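# Chains, contacts and geometry: an overview
Given next are the chains, with one letter for each unit.
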Amino acid sequence: MRTLVVGASGHLGGEVARLASTSGAEVHGTSTTGADGWSRLDITDRQAVHALVSRVRPQLVVNTAYRADSWAICADGAAHVALAAAEAGARLVHVSTDAVHGGRPEPYADDAPPTPVYRYGAAKAAAETAVAAIDPAAALVRTSLIVGDERSKQVQLALNLTTGRTGGALFTDEYRCPIDATDLAAAILELAENGYSGLINVAGPQPLSRADLGRLVATRHGLDPAAVPVCTIAEGGMGPRPGRILLDSSRATGLLKTPLRTVREALGVA
Ligand SMILES: NC(=O)c1ccc[n+]([C@@H]2O[C@H](COP(=O)([O-])OP(=O)(O)OC[C@H]3O[C@@H](n4cnc5c(N)ncnc54)[C@H](OP(=O)(O)O)[C@@H]3O)[C@@H](O)[C@H]2O)c1
């Protein structure tokens, strides 16, 4: 299948491109710089997105591109990708986030309406609305903290804090459902194949605090988990933050062959 991975130079996009290529797909990818031999693309440029998609004529488009501080990239860019994919008649899988939710004790179902508290979550929620309106057949994958090798922002953060390269701390009371990048990429490609439409949660099976996630990363990298700086959200003094955003991924686990492993399993930490 001719596959276009938007954001192939990123962590998740790189995994999607690698797995798709391994399974025999003709993979085209994008980065903002043209790095790694991918096509240069800025998804805020509607004409450029249209031109690239018209040239590649993909059968599948996977949009993993984002920058957390940019509404234009997260929201407008996602709409541009969806429009171009629809014009090309391509299957679309769009990657969203648990940050569309505002946090609550119980897990969120796949189609729980967004209640964002951050600009990033609001932009990703806007993207979901735009993508679903443009292409109701698209799969919209809500996921959580993405872990894996050192390309993972979550792994980089934990290592930088633990070694003192950067200041700060990981919260003991901020819970998410982290997922391994390879598991997520495989799930995305399965969803692309099976024609799933609409929202679906694809996250790890085990809620973890950011502090515990950091400790597992430290252990995986031979560092002392006790050296991970931690504090509560209140002690961090960054204002109100959603404490628990847990995604119920039971629909995905029932639907997909790809196992969604715990972080311990994925990182190989006993
Ligand atoms: N990381 C997480 O823990 C996490 C958690 C929940 C959801 N997500 C979602 O998962 C997806 C992938 O996350 P990730 O951590 O793998 O991302 P990442 O490693 O930061 O990669 C982001 C990608 O987006 C590209 N990009 C940035 N600005 C762009 C623009 N203007 N036009 C086109 N492409 C642009 C980057 O290209 P360059 O390399 O050229 O900059 C890169 O390929 C995102 O949709 C994100 O919202 C991530």
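The structure under discussion appears in the preceding block.
The model shown is predicted, which means the values in this text are computed figures rather than measured ones.

Right, let's talk about the packing of helix H3 (residues 71–88) against helix H4 (residues 119–134) for a bit. Running from N to C, H3 and H4 point in directions that differ by 15°, and their axes come no closer than 8 Å. Taken together, the axes of H3 and H4 lie roughly parallel to each other. H4 is crossed by H3, and the crossing has right-handed handedness. Residues Trp-71, Cys-74, Ala-75, Ala-78, Ala-79, Ala-82, Leu-83 and Ala-86 of H3 lie in contact with H4, whose contacting residues are Arg-119, Tyr-120, Ala-122, Ala-123, Lys-124, Ala-126, Ala-127, Ala-130, Val-131 and Ile-134. For the contact of H3 with H4, the per-class residue count stands at 16 nonpolar, no polar and two charged.

Relative to the helices and strands, Lys-124 resides in helix H4. Glu-128 provides the closest opposite charge to the buried, unpaired Lys-124, separated from it by 7.9 Å. Of the polar contacts made by the side chain of Lys-124, one reaches the backbone oxygen of Val-95; its length is 2.9 Å.

Two residues of an α-helix separated by three or four positions point the same way, owing to the 3.6 residues in each turn. Between its terminal C-alpha atoms helix H1 (residues 11–22) stretches 17 Å, which fits the 16 Å expected from twelve residues at 1.5 Å a residue. The element H1 is largely enclosed, with a buried count of nine among its twelve residues. Two residues or fewer after H1 comes Gly-24, characterised by a positive phi angle close to 100°.

Let us look at the pattern of salt bridges. Under the counting rule described, the total for this entry stands at 13 salt bridges. Here Glu-15 and Arg-151 are joined by a salt bridge, their closest N and O atoms 3.2 Å apart. Pair noted here: Glu-15 is in helix H1 and Arg-151 is in the loop between strand S7 (146–147) and helix H5 (153–162), with a separation of 136 residues, a long-range link. Taking the relative accessible area as the measure of exposure, Glu-15 reaches 3% and is therefore buried. For Arg-241, the salt bridge goes to Glu-174, with nearest N and O atoms at 2.7 Å. Of the two residues, Arg-241 is situated in the loop between helix H8 (233–236) and helix H9 (250–255) and Glu-174 in the loop between strand S8 (170–171) and strand S9 (175–176); the sequence distance between them amounts to 67 residues. Owing to a relative accessible area of 23%, Arg-241 belongs among the partly exposed residues under this scheme.

A few words on the site of the ligand. Taken together, the neighbourhood of the ligand is formed by 26 residues, with Ser-9, Thr-32, Tyr-120, Lys-153 and Gln-154 sitting nearest. The contact in question runs from an oxygen atom of the ligand to an N or O atom on the side chain of Thr-32, over 2.5 Å. Between the ligand and Leu-41, the relevant distance is 3.5 Å, taken from a nitrogen atom to a main-chain nitrogen or oxygen of the residue. Out of a free accessible area of 900 Å², the ligand has 87% covered by protein chains. When contributions to the shell around the ligand are tallied by element, the ones reaching two or more residues are H1, strand S5 (91–97), H4 and H5. Along the lines of polarity and charge, the residues of the shell around the ligand split into ten nonpolar, 13 polar and three charged.

How each quantity is defined
Residues numbered from 1 in each chain as written. Predicted model: local features only at pLDDT ≥ 70, side-chain atom pairs only at ≥ 80, totals over all residues. Heavy atoms only, no water. Axes fitted to C-alpha atoms, helices over the stretch in contact; angles between N-to-C directions. Helix = DSSP H or I, 4+ residues; strand = E, 2+ residues; numbered from the N terminus. Parallel < 35°, antiparallel > 145°, perpendicular 65-115°, else oblique. Left-handed = near helix turned anticlockwise from the far one by under 90°. Contact = heavy atoms within 4.5 Å. Nonpolar A, V, L, I, M, F, W, Y, C, P; charged D, E, K, R; others polar. Buried < 20%, exposed > 50% of the residue type's maximum accessible area, 1.4 Å probe, protein only. Lys, Arg positive; Asp, Glu negative; His and termini not counted. Salt bridge = Lys/Arg side-chain N within 4 Å of Asp/Glu carboxyl O. Polar contact = N/O pair within 3.5 Å; in protein donor to acceptor, adjacent residues only side chain to side chain. Expected span 1.5 Å × (residues − 1). Near = heavy atom within 4 Å. Areas by Shrake-Rupley, 256 points an atom, 1.4 Å probe, with all protein chains shown as cover.

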